Amino acid sequence: MVHDKAPTCKTDLATAIRESWSQIDEDYCLTIINSMPQRLQALIKARVFLKARKLPFEMTLVLCHIDVGAHQCLIFKNKTIIGPRASEDVKFLLLPQTAGLFQCVLSLSSWPVSADAETIVRAETVYSKVLLTAVSEYPLIEVDTGKTECLDFGDLSSGTWKTLPVRLINKTRATVPIRLIISANATAWRCFTFSKNSAVKEFAIHSEAVSKMSSPSVISHVMYASYDNQEPEVFERWVVFHAPQTYNSAASSLGPPEKFIARIDVEVDSPGPACLLKSIPLHARVGCVRIHAPKDLQTIVLRCGVGSSTKQQLPLKNAGNIATYLTVKCTNVESGFTVDPDELFLSAEEEQEVTVKFTPQSSKSSQSSLKIIVQPSGPQYEVTLIGEGDLPVTKNSATPALNNSDVPLFFPISSSYLGEVLPLEEPLELPLDR
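Residues numbered from 1 in each chain as written. Predicted model: local features only at pLDDT ≥ 70, side-chain atom pairs only at ≥ 80, totals over all residues. Heavy atoms only, no water.

## Focus on the overall build of the protein
Put simply, the rule reads: Each helix corresponds to a stretch of at least 4 residues labelled H or I by DSSP, and each strand to a stretch of at least 2 residues labelled E; elements are numbered beginning at the N terminus. Only protein chains enter the area calculation, which uses a 1.4 Å probe; residues under 20% of their type maximum are buried, those over 50% are exposed, and those in between are partly exposed. Whether two residues are in contact is decided by their heavy atoms: any pair within 4.5 Å suffices. Per-residue and other accessible areas were derived by the Shrake-Rupley procedure at a 1.4 Å probe size, with only the shown protein chains allowed to occlude residues.
Within the protein one finds six helices and 26 strands. Expressed as a percentage of the 434 residues in the protein, the buried residues total 32%. In the protein, once contacts between residues fewer than 6 apart in sequence are set aside, the share between residues at least 24 apart is 69%. Carbon and sulfur atoms form 55% of the exposed surface of the protein, whose accessible area is close to 27800 Å².

Right under this line is the structure:
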């Protein structure tokens, strides 16, 4: 080669070049030509590294270029400045309008911030290429509202509340950002809100306080992709309905119940045009529940022998304008009082009976309260229960004379008296002195 000749003048240098050129064959030239793309890529990387090493204090400007006309669904930062011995992530936002495969070529070029115009032009002509590939799927979000296609809160009393769950399941292989929006008119807008759990007792129940609370009506969430052999992600939120205080408990005429209608729009949360996935209807009715019982049964007094039992029927009537579920229970479980049934459903103007049973375990008098609770959150009514137990009378015990006030109003038709069972063939003697 030329450097092996060691020329001493221009004539010797020209002779050495001609001799070296004649030694290069055609195959060697083709090898150099075919390896030019790899050599250029290596040169670009070597130049960037060489500049960063020579000028550790100088910033580098990186330019990203893509054919925006062909790929308007890609949004990214096309210029960034990288410090010496540092790295920078360039994030790409894909906003596809249709499902399918997206591919494009990204051109990268870089030069020092303090470079002159000639260096910038030369750097823009020598650039690196990166192939970007993305797959777009139509979001398949399954909405679970239970047995029906809507959330029906049913009938509620004024000033009460109720919660129902809504579950979203991501069935796609892509991460889907979603947004849930409650849409309603001015009357029902503040009545429907979202909650992270079903316990919303901390919320006020009056309409004035409900209008001031900061319960969300719009929530956003990112549902991540589910891969093979993995359970899909489930997102659950509770929808709360607060029934406004619209009825006066002292009013004689109630009229028909008030209806509240709204919907939940499930959308793809993106800066582009809204993509509606599904709408969930919301329904509720607000009215008044009035439970009526006979006035002479506001206090129930039962008396029987120890070891036996007695019953009293208590009729309950729903005099309101909406249906309701009732829970009936005795407050003192050791008093000997029980009630059956303990739950019942009453439509408007419907009447049913519950049975109050008293089984004393001792001769001591006992007292309890029968609570009648309107579900899900009141109001509640109380009936006073008083029970007295009598000791059984044996054959050897002396029976005192009874005055007029001690004579029972009625006797059961049976062969037992005050709890003691007697044979049928043996005569029963009762004190009849008056």
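## Considering the pattern of salt bridges
Two side chains of opposite charge can pair, provided their charged atoms sit close to one another. Stated formally: We count a salt bridge whenever a side-chain nitrogen from Lys or Arg sits within 4 Å of a carboxyl oxygen from Asp or Glu.
One pass over the full model with this rule turns up eleven salt bridges. The closest approach of N and O atoms between Glu 118 and Arg 122, which form a salt bridge, is 3.9 Å. Pair noted here: Glu 118 and Arg 122 are both in helix H5 (residues 117-125), with a separation of four residues, about one helical turn. With relative accessibility at 39%, the residue Arg 122 sits in the partly exposed group. Because the salt bridges share partners, they merge into one network encompassing Asp 144, Arg 167 and Glu 236.

## Section: a nonpolar patch on the surface
Counted only if it meets this: Two joining distances apply to patches: 9 Å for like charges and 5 Å for nonpolar side chains (Val, Leu, Ile, Met, Phe, Trp, Tyr), and every residue must have over 30% relative accessible area and no salt bridge.
Among the surface-exposed residues, Tyr 28, Ile 32, Met 36 and Leu 40 lie close enough to one another that they form a single nonpolar patch of about 350 Å² accessible area. At the level of elements, helix H3 (26-34) and helix H4 (36-54) are the ones that each hand at least two residues to the nonpolar patch. Mapped onto the fold, Ile 32 is located in helix H3. Assessed through its relative accessible area of 31%, Ile 32 is described here as partly exposed.

## Points about the pairing of strand S13 (residues 234-242)
Convention followed: A strand pair is defined by DSSP finding two or more bridges across the two strands.
The buried count for S13 comes to seven of nine residues, which makes it a mostly enclosed element. Of the strand pairs in this sheet, strand S11 (residues 192-195) and S13 are connected by four bridges, and their pairing is antiparallel. Paired with Phe 194 across the two strands is Val 239, which belongs to S13.

## Structural notes on unusual backbone geometry
Each neighbour pair has its own omega, and for Asp 340 with Pro 341 the value is -5°, a cis peptide bond. Mapped onto the elements, Pro 341 comes out in the loop between strand S20 (337-340) and strand S21 (343-346). Of note, Glu 349 is a non-glycine position whose phi angle comes to about 65°, a positive value.

## Notes on the sheet that holds S21
Going by this rule: All axes are obtained by fitting lines to C-alpha atoms, using only the stretch in contact for helices, and the reported angles, taken between N-to-C directions, cover 0 to 180 degrees.
The strand order across the open sheet formed by five strands is S17-S24-S23-S19-S21, and the pairing between neighbours is mixed. Of all strands in the sheet, those with a lone pairing partner are strand S17 (299-305) and S21, marking the two edges. Averaged over all pairs of adjacent strands, the angle between strand axes in this sheet comes to 25°, irrespective of strand direction. Here strand S19 (residues 324-330) pairs with strand S23 (residues 366-374) via five bridges, running antiparallel. When the sheet's bridge partners are listed, Val 328 is paired in S23 with Ile 372.

## Brief notes about the packing of aromatic side chains
Rule in force here: Only Phe, Tyr and Trp rings take part, Trp by its six-membered ring, and two of them pair if their centres are within 6.5 Å. Stacked means planes under 30 degrees apart, edge-to-face means over 60, and tilted covers everything else.
As enumerated under the stated definition, the model contains six aromatic pairs in all. Ring centres 5.8 Å apart and planes at 40° place the aromatic pair Phe 153 and Phe 241 in the tilted group. Taken together, the positions of Phe 153 in strand S8 (residues 151-157) and Phe 241 in strand S13 put the pair 88 residues apart, joining distant regions of the chain. For the pair shown, Phe 153 and Phe 241 are each scored as buried. Ring centres of Phe 192 and Phe 241 lie 4.8 Å apart, and the angle between their planes is 45°; on these two criteria the pair is classed as tilted. Of this pair, Phe 192 sits in strand S11 while Phe 241 sits in strand S13, placing them 49 residues apart in sequence. One exposure class covers both Phe 192 and Phe 241, and it is buried.

## Some details on the sheet that holds S20
The sheet built from four strands is open, its strands ordered S16-S18-S22-S20 with antiparallel pairing. Both outer strands of the open sheet, strand S16 (291-292) and S20, are each paired with one neighbouring strand and no more. Direction of pairing for S16 relative to strand S18 (residues 310-318): antiparallel, over a ladder of two bridges. Following the sheet pairing, His 292 is matched in S18 by Lys 317.

## Overview of the nonpolar core
Worth spelling out the cut-off: Only buried residues count toward a nonpolar core. Its members are Ala, Val, Leu, Ile, Met, Phe, Trp, Tyr and Cys residues joined through side-chain atoms within 4.5 Å.
Core analysis: the biggest nonpolar cluster contains 30 residues, and Phe 153, Leu 168, Phe 192 and Phe 241 have the highest contact counts within it. Excluding its chain neighbours within four sequence positions, the residues that come into contact with Phe 153 are Lys 162, Thr 163, Leu 164, Phe 192, Val 239, Phe 241, Leu 282, His 283 and Ala 284. Core analysis: the second largest hydrophobic core is formed by 24 residues, Ile 300, Cys 304, Val 354 and Leu 370 among them.

## What about the confidence of the model for the protein?
Rules: On a scale of 0 to 100, pLDDT captures the predictor's confidence in every residue.
Chain-level statistics for the protein give a pLDDT mean of 75 and a share of 76% at 70 or above. Of all the helices and strands in the protein, strand S25 (residues 416-417) carries the lowest mean pLDDT, 32, while strand S14 (residues 258-268) carries the highest, 91. Note that pLDDT drops below 50 for residues 201-213; the model gives that stretch 20 contacts with residues more than four away or on any other chain.

## Examining the environment of Gly 320
Relative to the helices and strands, Gly 320 resides in the loop between S18 and S19. Gly 320 gets classed as buried once you look at its relative accessible area, which sits at 3%. Apart from residues no more than four positions distant in its own chain, Gly 320 is found in contact with Leu 254, Cys 288, Val 289, Arg 290, Ala 348 and Glu 349.

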